[in-house]
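# Breakdown of the fold
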Amino acid sequence: MALIVVQGGQRLEGTVRAYGAKNSVLPLLAATLLPESGTSLLRDVPPLSDVHHLREILHALGCQTEEAGDGNLLLNAQHVDTTEAPAALVSKLRASFLVMGPLLSRFGTARVGLPGGCSIGSRPIDLHLEGFEAMGADIELGETYIDARAPLGRLQGAEITLRFPSVGATQNLMMAAVLAEGVTVLDNAAKEPEIVDLADFLNAMGADVRGAGSETISIYGVDSLHGAEHSIIPDRIESGTFLVAGAITGGDVLVEGAQAIHLLPVIEKLREAGATIVEEKTGLRVTRTGRLRPLDVTTGVHPGYPTDMQAQLTALLAVTPGTSYVTETVFENRFQHLDELARMGANVRIDGQTAVITGVACLQGADVAATDLRAGAAMILAGLVAEGETRVHAIHHIERGYVDIVERFRQLGANVHRTEGVRELQFK
Ligand SMILES: CC(=O)N[C@H]1[C@@H](OP(=O)(O)OP(=O)(O)OC[C@H]2O[C@@H](n3ccc(=O)[nH]c3=O)[C@H](O)[C@@H]2O)O[C@H](CO)[C@@H](O)[C@@H]1O
Ligand SMILES: C=C(OP(=O)(O)O)C(=O)O
């Protein structure tokens with residue numbers, strides 16, 4: 001199995017470009033199922049394994065996709081010939097379940113396998129299903145498949161208040177509503193930038209989605225949609241990861257394309273920790289010369305501190321003098337990386353939902369696992385400042401969400417490489 005090997009001690013310096021956002025491109029790919037005519041063009045599609053797997057699902061449904069160079073992807077769903085998304089493919093990633101909304105909206109029926117994704121909590125899909133039901137769908141839950149059908153042939157607009165502003169449920173229900181009969185109002189909707197990106201794409205296709213980015217989204221159903229062109233927003237989590245890399249190594253890194261407006265809580269916390277972050281014409285520059293300072297951070301839904309940037313921050317805090325507190329409120333099992341940091345000598349303990357991290361002078365290189373995508377990024381970050389060699393295993397998780405991570409860290413001066421064929425160590 002492949003692993004990433006990091007030799008600690010290099011100060012990172014240089015420029016890195018943010019790719020299109022993984023968490024935007026996945027719902028956008030699902031949305032391309034909606035139009036019955038025309039080809040869509042998505043720009044800055046990141047070449048990630050999650051994207052590859054979602055494209056496989058689109059192909060299984062009868063869509064055509066074609067790479068058109070420079071990160072452009074053409075998609076056509078005119079000839080969709082089945083509404084069954086195979087469980088074997090859907091189980092490879094979480095966002096695959098987002099094909100349910102578009103299929104149900106356009107065809108009034110869908111059979112979709114149960115989704116996979118990072119194991120960071122129980123991750124139910126009850127909010128998605130309750131929303132479809134409120135729009136008139138009958139839902140049948142099987143062991144590996146979920147069947148949904150609109151008995152009237154078309155979903156009906158409804159008023160839906162989400163118990164929690166779930167990103168995925170908001171996206172799935174928005175897509176279900178665009179071709180429904182009448183108006184759907186989603187209350188307590190998620191406000192993440194990826195929701196706004198999806199609404200912009202749907203509207204470019206001829207939908208009428210209003211209020212995305214606020215807690216109430218109104219979707220006025222239309223009769224048909226057409227293909228559209230859209231540029232994907234830069235990945236705020238990838239950008240944030242590189243900002244932490246600059247901060248942890250006391251470096252000077254410009255993240256091209258990083259948008260401050262999407263990263264406000266991350267910027268605020270990194271500044272509080274002692275980094276300098278400046279908005280430049282082309283992106284965000286991070287530098288740090290002074291000592292790191294401890295933090296008290298609580299994750300939350302947007303515009304709160306993103307849970308997807310929690311693990312990376314714990315790597316920084318592991319080498320920050322003093323005691324820091326990190327409270328995770330979005331996922332109930334998102335501290336697995338702390339055990340891995342502890343293998344490297346970090347002083348961490350978990351108290352309920354809070355990680356208590358007392359910084360150590362230096363971490364030690366070790367064999368560690370990428371227990372999930374962001375946990376893997378955190379291991380690389382820790383490895384950058386550890387004494388000796390850190391070998392990160394289970395890197396398929398990292399490759400779900402970071403494009404060419406090794407090459408891009410190398411360009412910034414990190415001593416890191418990817419190696420194949422080494423026996424996977426057993427982690428308890
Ligand atoms: C592909 C993608 O975009 N993934 C992101 C998306 O995941 P995802 O869309 O899965 O995350 P959600 O916002 O839905 O989940 C947040 C919380 O709501 C709970 N929940 C969710 C749905 C549901 O039907 N019932 C329920 O209880 C989840 O278990 C979790 O505790 O948003 C998360 C929160 O910002 C991010 O960490 C993920 O990177
Ligand atoms: C948890 C994440 O992804 P997913 O929802 O696709 O598992 C993530 O991007 O950090």
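Please read all numbers here as calculations on a predicted model, not as lab measurements.

Sheet strands line up and pair through hydrogen bonds in the backbone, either parallel or antiparallel. Strand order in the open sheet made by the four strands is E22-E23-E1-E24, with mixed pairing throughout. Strands with a single pairing partner mark the edges of an open sheet, and in this sheet they are strand E22 (367–369) and strand E24 (415–419). In this sheet, adjacent strand axes meet at a mean angle of 25° when their direction is disregarded. Judged from the four bridges that link them, strand E1 (residues 3–7) and strand E23 (residues 389–393) form a sheet pairing that is antiparallel. If you follow glutamine 7 over to E23, its bridge partner there is glutamate 389. Across the sheet, helix H12 (residues 373–385) touches E1, E22 and E23, and the angle it forms with E23 is around 170°.

Around ligand 1 sit 21 residues, and of these Asn23, Leu127, Ser166, Val167 and Gly168 come closest. For the shell around ligand 1, the per-class residue count stands at 10 nonpolar, seven polar and four charged. Two domains each donate at least three residues to the shell around ligand 1, and these are domain 1 (3–19 + 234–419) and domain 2 (22–231).

This part is about the domain arrangement of the protein. One frequently used descriptor of interface size is the decrease in accessible area upon assembly of the parts. Per the domain assignment, the segments making up the protein are domain 1 (3–19 + 234–419) and domain 2 (22–231). In this complex, domain 1 contributes 17 residues to the contact, which on the side of domain 2 involves 16 residues.

Along the polypeptide, threonine 170 turns up in helix H6 (residues 167–177). Once the C-alpha coordinates of threonine 170 and leucine 186 are considered, the two residues, 16 residues apart in sequence, prove to be 7.6 Å apart. If sequence neighbours within four positions are ignored, threonine 170 has contacts with Leu162, Pro165, Leu186, Ala189, Ala190 and Ile195.

About the criteria used
- Residues numbered from 1 in each chain as written.
- Chains lettered and ligands numbered in written order.
- Predicted model: local features only at pLDDT ≥ 70, side-chain atom pairs only at ≥ 80, totals over all residues.
- Pairing = 2+ DSSP bridges.
- Helix = DSSP H or I, 4+ residues; strand = E, 2+ residues; numbered from the N terminus.
- Axes fitted to C-alpha atoms, helices over the stretch in contact; angles between N-to-C directions.
- Contact = placed C-beta atoms within 7 Å.
- Near = placed C-beta within 6 Å.
- Nonpolar A, V, L, I, M, F, W, Y, C, P; charged D, E, K, R; others polar.
- Domains from an automatic or database assignment.

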